[in-house]
Amino acid sequence: MSLSRAEKINKAKKRHGFTAINKPRRGGPKKFEVLAVEGNQVKKINFGDPNMSIKKNQPSAKKSYCARSGGIKGKNSKLSANYWSRKAWDC
């Protein structure tokens, strides 16, 4: 018996302690974590280096990061850490 999309989301929210989906929050083993939902798939994503700061207000650093991360697999999938990291940088 397969769970419905809503049941999967509610189960994952309860298991990981999330109140919202597709909304990053600080915490977890990395700098940020998010409960990502795409289609019928639900996945907890951890991303970001906890020991580094995001320097998106420095144009040269932002340009360099966006150029570096653009060719990486998962750029357009909500189920990848790269998607959420690029979103945090506003790429």
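Structure first, text after, so check above.
Residues numbered from 1 in each chain as written. Predicted model: local features only at pLDDT ≥ 70, side-chain atom pairs only at ≥ 80, totals over all residues. Heavy atoms only, no water.

K.L.:
Tell me about the packing of aromatic side chains, and name the residues and values.
P.N.:
The final tally for this structure, using the stated rule, is three aromatic pairs. Ring centres of Phe 32 and Phe 47 lie 5.5 Å apart, and the angle between their planes is 25°; on these two criteria the pair is classed as stacked. Residue Phe 32 is located in strand β2 (residues 32-38), and its partner Phe 47 is located in strand β3 (residues 41-47); the two are separated by 15 residues in the primary sequence. Classification of Phe 32 as buried rests on a relative accessible area of 14%. Plain terms: the ring middles of Tyr 83 and Trp 84 are 5.0 Å apart, the flat faces sit at 85° to each other, and that makes the pair edge-to-face. (Phe/Tyr/Trp six-rings, centres within 6.5 Å; stacked < 30°, edge-to-face > 60°. Helix = DSSP H or I, 4+ residues; strand = E, 2+ residues; numbered from the N terminus. Buried < 20%, exposed > 50% of the residue type's maximum accessible area, 1.4 Å probe, protein only.)

K.L.:
Mind laying out the packing of helix α2 (residues 59-69) against helix α3 (residues 81-89), listing which residues take part and the relevant values?
P.N.:
When two helices pack together, you describe them by how their axes are tilted relative to each other and by the distance separating the axes. Contact pair α2 / α3: the axes reach a minimum separation of 11 Å and the direction vectors enclose 160°. Judged by the inter-axis angle, α2 sits roughly antiparallel to α3. Our pair here, α2 against α3, has a crossing hand that is left-handed. Listed contacts from α3 to Ala 61, Lys 62, Tyr 65, Cys 66 and Ser 69 of α2 are Asn 82, Ser 85, Arg 86 and Trp 89. (Axes fitted to C-alpha atoms, helices over the stretch in contact; angles between N-to-C directions. Parallel < 35°, antiparallel > 145°, perpendicular 65-115°, else oblique. Left-handed = near helix turned anticlockwise from the far one by under 90°. Contact = heavy atoms within 4.5 Å.)

K.L.:
Go over the nonpolar core with me, naming the residues and quoting the values.
P.N.:
The biggest cluster of nonpolar side chains holds eight residues, and these are Phe 32, Val 34, Ala 36, Ile 45, Phe 47, Leu 79, Tyr 83 and Trp 84. Among the elements of the structure, β2, β3 and α3 are those that each provide at least two residues to this core. Residues contacting Phe 47, with those up to four places away along its chain left out, are Pro 24, Lys 30, Lys 31, Phe 32, Val 34, Ala 81, Trp 84 and Ser 85. (Core = buried A, V, L, I, M, F, W, Y, C linked by side-chain atoms within 4.5 Å.)

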